[in-house]
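Chains, contacts and geometry: an overview
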Amino acid sequence: MTITTTDAPKSRIDLTRPVLWLFAAFMIVLIVLPLSWLMVYAFTDKARHPTLQNFVTLFTDPSFLDPLLTTAIIATTSAVICCIVAAPIGWLVSRTDMPGRQIIRALVTASFVTPPFLGAVAWELLAAPNSGMLNQLYRYLTGAEDPLFDIYSLTGLIFVISCYTFPFVFVLVANALDNMPGELEDASAILGGKAWTTARRVTIPLALPALVAGALIAFLQAMTLFGSPAILALPAGFHTMTTKIWSLFQYPPKLELAAAAAVPLLLLTILLLQGQKFLLGRRGFSVVGGKYGAPRPVEMKGWRWAALAFCLFVLLNPVFLPYFALLNAAFSPNATTLVTPSTATLHNIVFVFTELSSTQLALKNTVILGASTATIGTILALVVAYVTTRRVIASHRLLGFLATAPVAVPGIVLGVGLFLSYTRPPFVLYGTLWILLLAFLTINLPSAYQQLQAAFATIHPELEDASRILGATRLQSLRQITAPLLRTGVIATWCFIFIGVMRELSAAIVLFTSQTKVLSVLIYDLNESGDLAAISVLGIAMLVITFAVVLAVNRIPMFGGGAGARLRNS
Amino acid sequence: MKGRKLSRRDILQGSAALAVGTVFASPVRAQAPEPVAITSALVEAAKKEGKLIFYSSMDLPVGEKLGKAFEAAFPGVSIQIERSGSERLFQRIDQEFASNIRAADIVNSSDASHFISWKKNGWLMPFVPEDVAKHFPDSYRDPDGMFATSRLWLSSIAYNTNLVKPEDAPKSFADLLDQKWAGKMVKGHPAYSGTIMTATFQLVRELGWEYMEKLAKQRVMQVQSSTDPPKKLSLGERAVMADGNEYGIVLLKEAGQPVEPVYPTEGTPTISGPTGIFKTAQHPNAAKLFQAWLHTRETQQFFSDFTAQYSVHAQVQSKPGRRKISDIKLMKEDAEGVEKMTEEIKTRYARLFRV
């Protein structure tokens, strides 16, 4: 073996520690500052005197209790629906010989890329009880009076939320199944286990942690989502916790109550994360390490096409129908009338790109924020993931906790926290893109960190140790050994954050100003004034940008490689 | 007092004079500045700034059209329109000013009471365009020259002609409480829209909270902006609009959509939208130019023709074929009353309608 890092001794001084401490300090400011301000506001009155009155109001006023209950129902049912739908699709795509598996993966990615608020608007076009296109079709076919669907209802909202939350479960389940060693199933089969026994005794238990984690993420997503409820719940005549919190910002803003209303969500999240640890804590299945054979795909035989039809039918809801509705509305003079060659118009497109004065600014801001958040976020997550998996500094646990903590904070609440933190010295950032950058960074950090931590966990520290024994500094071994191995994970994380920024509405809605408007806020504003056609045009533009950027990034030769990365960290 | 039939003269001189004039007059009456005409010096100064940020609650296609007309009139000055509900804009401006962000140059609100607060805060810049001094009734301009009413419009009832026969259509607000309209109506939200805030105030004053209580039991579809109900109506999403911009209905009807306005027998809530410049404007000359241009006879005529709203400019004629505002029974405006009741309206409304 030859030592390739012959120039190593020149940098004997290891700068790693100071650099890492700097990162840690940044993380603490990033996360602790807004959360502390939230807590201060939750437990004080207007004059900042300590009080519990905010919580008394919260738990005695039915106008707060109802949304709390509604949110619990939405989060639970959405999580269950997501698991029921995502687990079989994940299994079919990962472990069977169903045709079109890559297409199904791409379509799930498409539904992940679709911002939930855009999906909600699209479903308004499709299933508003009277004007919705599906209901029009139903009435036309059956002559019925009553609508088939009413999207302005609790079930309608749960349906739309599930449509855009199930990809989270899918990714986790599919990844777990992709990485599962085939030998274990083979062993079961060799020992005489029938297909069902193998599934029950081996496959399902191995996939269960991923499914539980997925259910949890779906629950949290549904609980903290703002866009879909804001668009569908108000016309339906009810509030969820997030829309209720948003309504507390109406003039005069009741920030103390808003902060207090966030506390139950925060506690519930922490409780759930602990519960997950308790349930799965001692059941860690070490399936990575060494070379395993690829799992054998299950032969579906005659069921292959039925399985594909099932997947496509499910994907009708988050992808085909909504995209069709948006395209139709973009070219139609009347948003919910089926466009024909003779009625097709470019008016909406002309309006959005030449007359609407906020379009250019919002597009520019969104792309700038998307790219910079993704870049900074990936670096940050990479460092934290490295520190926690390799236990570089003493307080690595704290760092890991800090990186995960924002998951417990609904975006809208984080928005308030950031607003409270950065409208006063020493950091006056409100009114600039910086505050949005911080918000998007904080919101996307947990998933980015989880993703990269998982990626790190698959790389044995021995490789880095070997490099360091051979004289490289920590940073050198990171750059030369770890980075190339992480390439796919890094690209995936970058895309993940970029998409997260495009999807993000709840914090942006609190933090934007006229000069720092982003596309999601513009779309939300347009929805409030009922400009559905303009939303459709902007929404399609947004999707095109997202797909283009994700594709382009996957083509960038990075760390000496140009291989494509999918939205998974395998 | 219940709404009574008012002539145009009455509106211009009587009711609103009480409402706007007495309220906006500050105890110590400062002298309004000298009226300003559009001079080449002003145009040049505006072009040097090159940009204008206009906060407004006007329906977007209408507002952007106005903006494009301004840009066409003065090439070199671009306008960015920040559209949102007036109540939201009010909150945002408050939030931005509190954080020392002075993004807004000029503002048009659909809740005239907002100007009471802004004037009280000392945020407005006195500026009187020549046309305002010459052709605007006293009741529609601030005595200290801080703002002038750029537009007048109504929040009416309306119905979708495909879904409702004219003889079955509601004639009054009282008709909306009929069981047959349960689940078939759409309305805007007073915590978002200044138009709906103003209209709700007038309805509560004339018909009492009982009206709102009964309306809330009708399972009304709740949207935010007063610009949205006309659109939901024309899509056929709901058969009847309980409140919302009458001008939206008129424009949609003229564009061939199946909608028809109804001017309720109790009177139609009336909203005036003043425009004023912020003292802290980053583009003060562009803002002055816009304010002067917006209130000229030409712009007011173009605006009322194009947007189906009404102008208080003495020389503006209503477009042939359109209903004259003097033929409509109106409810009285009372900006000061709105300011006093804003909180109560928001709270009680949220309790009744549960959103």
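In this convention, every chain numbers its residues from 1, walking through the sequence in written order. Here every chain gets a letter starting at A, and every ligand a number starting at 1, in the order they are written. pLDDT decides what is reported in this predicted model: residues at 70 or higher carry local features, side-chain atom pairs at 80 or more are listed and counted, and totals for whole chains, interfaces and linings draw on all residues regardless. To get the side-chain values, all heavy atoms of the structure are used, and hydrogens and water are removed first.

The name given to chain B in an unreviewed UniProt entry is Extracellular solute-binding protein, with the source organism recorded as Bradyrhizobium australiense.

Taking an unreviewed UniProt entry as the reference, chain A is identified by name as Iron ABC transporter permease belonging to Bradyrhizobium australiense. UniProt positions are given in the numbering used here, feature names are shortened, and annotations may be inferred rather than shown by experiment. The UniProt entry for chain A carries this comment under Sequence similarities (unreviewed entry): "Belongs to the binding-protein-dependent transport system permease family."

Looking now at the overall build of chain B. Working definition: helices are DSSP H or I runs of at least four residues, strands are E runs of at least two. Numbering for both runs from the N terminus. Broken down by element type, chain B carries 13 helices and 11 strands. The C-alpha atoms of chain B give 20 Å as radius of gyration, which agrees with the globular expectation for 355 residues (20 Å, within 12%). Counting only C-alpha atoms and orienting by the principal axes, one finds that chain B spans roughly 60 × 40 × 40 Å. Looking at chain B as a whole, 65% of its 355 residues qualify as buried. For chain B, long-range pairs separated by at least 24 residues make up 81% of all intrachain contacts whose partners lie at least 6 apart in sequence. What sets the accessible areas is the Shrake-Rupley method with a 1.4 Å probe; for residues, cover comes only from the shown protein chains. Counting only carbon and sulfur atoms, one obtains 52% of the accessible surface of chain B, whose full area is about 12600 Å². We treat Lys and Arg as the positive residues and Asp and Glu as the negative residues; His and chain ends play no part in the count. Where a charge sits is defined by one atom per residue type, namely NZ (Lys), CZ (Arg), CG (Asp) or CD (Glu). Computed over 47 positive and 41 negative side-chain charges, the inter-centroid distance for chain B is 2 Å. A radius of gyration in this sense is built from C-alpha atoms; the matching globule rule multiplies 2.2 Å by the number of residues raised to 0.38. Per-residue accessibility, obtained with a 1.4 Å probe over protein chains only, is compared with the maximum for each type, and a residue is labelled buried under 20%, exposed over 50%, and partly exposed between these values. Note on contacts: a residue pair is in contact if any heavy atoms of the two residues lie within 4.5 Å.

What follows covers the domain arrangement of chain B. All names here are of chain B. Under the domain assignment, chain B is made up of domain 1 (25–153 + 271–324) and domain 2 (154–269 + 336–353). Residue ranges for the domains trace back to a domain assignment, done automatically or taken from a database. Once you take the C-alpha centre of each, domain 1 and domain 2 turn out to be 27 Å apart. With 26 residues of domain 1 at the contact, the number on the domain 2 side is 25 residues. Throughout, buried area stands for the accessible area (probe radius 1.4 Å) lost by two parts on being put together, summed over both. Contact between domain 1 and domain 2 buries roughly 1900 Å² in total, counting both sides, with carbon and sulfur atoms accounting for 54%. Looking at the side of domain 1 facing domain 2, the largest losses of area belong to Glu 87, Trp 153 and Ile 271, adding up to 30% of the total buried there. Salt bridges, as used here, are contacts in which a Lys or Arg side-chain nitrogen is within 4 Å of a carboxyl oxygen on Asp or Glu. Applying the counting criterion to the domain 1 and domain 2 interface returns three salt bridges. Here Glu 254 and Arg 322 are joined by a salt bridge, their closest N and O atoms 2.7 Å apart. Distance and chemistry together define a polar contact, namely a pair of N or O atoms within 3.5 Å, with one atom able to donate a hydrogen and the other to accept it when in protein, and with adjacent residues in sequence counting only for side-chain atoms on both sides. Inspection of the domain 1/domain 2 interface yields 13 residue pairs in polar contact (both at pLDDT 80 or more). Those elements that provide at least two residues to the side of domain 1 that touches domain 2 are helix H4 (86–98), helix H5 (113–121), strand S5 (147–154) and helix H12 (297–307). Per element, the largest residue contribution to the side of domain 1 that touches domain 2 is four residues, and it comes from H5. Here the residues of the side of domain 1 that touches domain 2 are counted per class, giving eight nonpolar, nine polar and nine charged. Each residue is assigned to one class: nonpolar for Ala, Val, Leu, Ile, Met, Phe, Trp, Tyr, Cys and Pro, charged for Asp, Glu, Lys and Arg, and polar for all the others, Gly among them.

The subject of this paragraph is helix H15 (residues 347–355) of chain A. Taken as a whole, H15 of chain A has its buried residues at Asn 348, Phe 351 and Val 352 of chain A. For H15 of chain A, the arc enclosing every buried residue in end-on projection is 90 degrees, short of the 170-degree limit, so these residues lie on one face. By definition, the arc is the one covered by directions from the helix axis to the C-beta atoms.

Pairing between side chains of opposite charge can happen when their charged atoms approach one another. Residues and elements named next belong to chain B. Under the counting rule described, the total for this entry stands at 27 salt bridges over all chains. Notably, a salt bridge pairs Asp 144 with Lys 119, separated by 2.7 Å at the nearest N-O pair. Pair noted here: Asp 144 is in the loop between helix H6 (130–135) and S5 and Lys 119 is in helix H5, with a separation of 25 residues, a long-range link. Of the residues examined, Asp 144 reaches a relative accessible area of 4% and is grouped as buried. In this structure, Glu 339 and Lys 120 form a salt bridge, with 3.3 Å as the shortest nitrogen-oxygen distance.

Residues and elements named next belong to chain A. Axis angles are defined between N-to-C directions and span 0 to 180 degrees, where every axis is a line fitted to C-alpha atoms and, for a helix, only to the segment in contact. For the pair helix H8 (residues 166–179) and helix H10 (residues 195–224), interaxial distance at closest approach is 8 Å and the crossing angle is 160 degrees. Considered as vectors, H8 and H10 are oriented roughly antiparallel to each other. At the point where H8 passes H10, the crossing takes the right-handed sense. Every residue of H10 that contacts H8 at Phe 168, Val 169, Leu 172, Val 173, Ala 176 and Leu 177 is listed here: Thr 203, Ala 207, Ala 210, Leu 211, Ala 213, Gly 214, Ala 215, Ile 217, Ala 218 and Gln 221. Looking at the contact of H8 with H10 residue by residue, the class counts come to 13 nonpolar, three polar and no charged. Any angle that is under 35 degrees is reported as roughly parallel, and any over 145 degrees as roughly antiparallel; angles of 65 to 115 degrees are reported as roughly perpendicular and all others as oblique. Here a crossing is called left-handed whenever its near helix is offset anticlockwise from the far helix by less than a right angle, and right-handed whenever the offset is clockwise.

Turning our attention to the sheet that holds strand S7 (residues 185–187) of chain B. Residues and elements named next belong to chain B. Taken together, five strands build an open sheet; the order of strands is S8-S7-S9-S6-S10 and the sheet is mixed. Sheet topology places strand S8 (221–222) and strand S10 (259–262) at the edges, where each strand pairs with a single neighbour. With respect to the sheet, helix H10 (residues 246–254) is in contact with strand S6 (157–160), strand S9 (240–241) and S10, its orientation differing from that of S10 by roughly 145 degrees. At least two DSSP bridges between two strands are needed for those strands to be called paired.

Residue and element names in this part refer to chain A. Under the domain assignment used here, chain A contains domain 1 (12–46 + 357–570) and domain 2 (63–98 + 112–283 + 292–309). For domain 1 and domain 2, the distance between their C-alpha centres works out to 23 Å. Taken together, the contact between domain 1 and domain 2 spans 39 residues of the former and 38 residues of the latter. For the pairing of domain 1 and domain 2, the buried interface totals around 3400 Å² over both sides, and the portion due to carbon and sulfur atoms is 77%.

Many structure descriptions define interface size as the accessible area lost when the parts assemble. Counting residues at the interface gives 49 residues for chain A and 45 residues for chain B. Buried area between chain A and chain B, both sides added, is near 3700 Å², and the carbon and sulfur share of it is 49%. For the interface between chain A and chain B, the tally reads five salt bridges. Put simply, chain A and chain B have 22 residue pairs in polar contact (both at pLDDT 80 or more) between them. By residue number, the principal contributor to the side of chain A that touches chain B is helix H23 (residues 519–528) of chain A, which donates five residues. For the side of chain A that touches chain B, a count of residues per class yields 23 nonpolar, 19 polar and seven charged.

Okay, the UniProt feature "binding site: Fe cation" (unreviewed entry) in chain B next. The UniProt record marks Tyr 247 of chain B with the feature "binding site: Fe cation" (unreviewed entry), using the residue numbering of this structure. When sequence neighbours within four positions are dropped, the list of residues in contact with Tyr 247 of chain B reads Met 58, Asp 59, Val 62, Arg 151, Trp 153, Thr 227, Thr 307, Ala 308 and Gln 309 of chain B.

Let us look at the side chain of Arg 238 of chain B. Of note, Arg 238 of chain B is situated in the loop between helix H9 (228–235) and S9. Given the relative accessible area of 9%, Arg 238 of chain B is considered buried. Engagement of the side chain of Arg 238 of chain B in a polar contact is seen with the side chain of Glu 237 of chain B, the distance being 2.7 Å. Ignoring any residue separated from it by four or fewer positions in sequence, one finds Arg 238 of chain B in contact with Pro 129 and Asn 130 of chain A together with Asn 160, Leu 163, Gly 183, Lys 184, Met 185, Val 186, Met 221, Lys 232 and Leu 233 of chain B.

Residues and elements named next belong to chain A. Here a Phe, Tyr or Trp ring, Trp counted by its six-membered ring, pairs with any other such ring whose centre lies within 6.5 Å, and the pair is stacked when the planes are under 30 degrees apart, edge-to-face when over 60, and tilted otherwise. Per the stated rule, a full pass over the model turns up 28 aromatic pairs over all chains. Each ring, one from Phe 419 and one from Tyr 430, has its centre 5.0 Å from the other, and the planes form 85 degrees; the classification is edge-to-face. Linking Phe 419 in helix H18 (residues 411–421) with Tyr 430 in the loop between strand S2 (427–428) and helix H19 (433–457), this pair joins segments that are 11 residues apart in sequence. Assessed through its relative accessible area of 4%, Tyr 430 is described here as buried.

Residue and element names in this part refer to chain A. The sites that carry the UniProt feature "domain: ABC transmembrane type-1" (unreviewed entry) are, in the present numbering, residues 68–276 and 363–553. Within the segment residues 68–276, helix and strand shares are 79% and 0% respectively, and the terminal C-alpha atoms sit 22 Å apart. In residues 363–553, the share of helix is 77% and the share of strand is 2%. The end C-alpha atoms are 19 Å apart.

To continue, consider unusual backbone geometry. Cis geometry is found at the peptide bond from Tyr 251 of chain A to Pro 252 of chain A, where omega equals -10 degrees. Tracing the sequence through the fold places Pro 252 of chain A in the loop between helix H12 (241–247) and helix H13 (255–280). One non-glycine residue, Asn 100 of chain B, lies in the positive phi region at around 65 degrees. As for its position among the elements, Asn 100 of chain B is in the loop between H4 and strand S3 (106–108). Here the phi dihedral of Arg 354 of chain B falls at roughly 65 degrees; this positive angle occurs in a residue that is not glycine. With respect to the secondary-structure elements, Arg 354 of chain B resides in the segment after helix H13 (335–353).

Here the focus is the environment of Glu 82 of chain B. Residue placement: Glu 82 of chain B occurs in strand S2 (residues 78–83). Taking relative accessible area as the criterion, Glu 82 of chain B reaches 0% and is therefore assigned buried. In the structure, Glu 82 of chain B is positioned 28 residues away from Phe 54 of chain B in sequence and 6.0 Å away in space, judged by C-alpha atoms. Every residue in contact with Glu 82 of chain B, bar those within four places of it in the chain, is listed here: Phe 512, Ser 514 and Lys 517 of chain A together with Phe 54, Tyr 55, Ser 56, Leu 89 and Arg 92 of chain B. Side-chain polar atoms of Glu 82 of chain B contact the side chain of Arg 92 of chain B, separated by 2.9 Å.

Residue and element names in this part refer to chain B. Take Gln 301: it is sitting in helix H12. For Gln 301, the side chain forms a polar contact with the main-chain oxygen of Gln 317, separated by 2.8 Å. Ignoring anything within four residues of it in the chain, the contact list for Gln 301 reads Gln 315, Val 316 and Gln 317.

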